[in-house]
Amino acid sequence: MHLDEYEISLARELGLCNSFVKKCQRLLERMESRHGMTTAVFLDRWQQGKLSASREFATWQEGAEGLQRWSEARNEYARLLGIMKI
């Protein structure tokens, strides 16, 4: 059964996900600029233990993980919303 409330809720959740994706992307861009390396390079070095532990690096890692999770959620909400609009 298709109700407008479902579509409204999905659209709201999609908007929330988009907001968090953008927030994570801005964080990663700041870190990349500040440290002169991409997030992929940072994560590789971080996981190999080549970087000293710091709160800033932990925040960078959390931002990368958050981007992954929020992007996956966003994609799923977009998929479901697409189905609802068919």
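Refer to the structure presented above.
Residues numbered from 1 in each chain as written. Predicted model: local features only at pLDDT ≥ 70, side-chain atom pairs only at ≥ 80, totals over all residues. Heavy atoms only, no water.

Visitor: I'd like to hear about helix H3 (residues 55–84), residue by residue, with values.
Guide: An ideal rise of 1.5 Å per residue puts 44 Å on 30 residues; H3 measures up with 42 Å between its terminal C-alpha atoms. Within H3 the residues assigned to the buried category are Phe57, Ala58, Trp60, Gly63, Ala64, Gly66, Leu67, Ser71, Leu81 and Met84. Residues of H3 that are buried in the fold lie against helix H1 (4–35) and helix H2 (39–47). (Helix = DSSP H or I, 4+ residues; strand = E, 2+ residues; numbered from the N terminus. Expected span 1.5 Å × (residues − 1). Buried < 20%, exposed > 50% of the residue type's maximum accessible area, 1.4 Å probe, protein only. Contact = heavy atoms within 4.5 Å.)

Visitor: Lay out the side chain of Thr39 with the relevant residues and their values.
Guide: When you line up the elements, Thr39 lands in helix H2. At 3.1 Å, the side chain of Thr39 forms a polar contact with the side chain of Trp60. Once you skip the residues sitting within four places of it in the chain, Thr39 turns out to touch Leu28, Glu32, Trp60 and Ala64. (Polar contact = N/O pair within 3.5 Å; in protein donor to acceptor, adjacent residues only side chain to side chain.)

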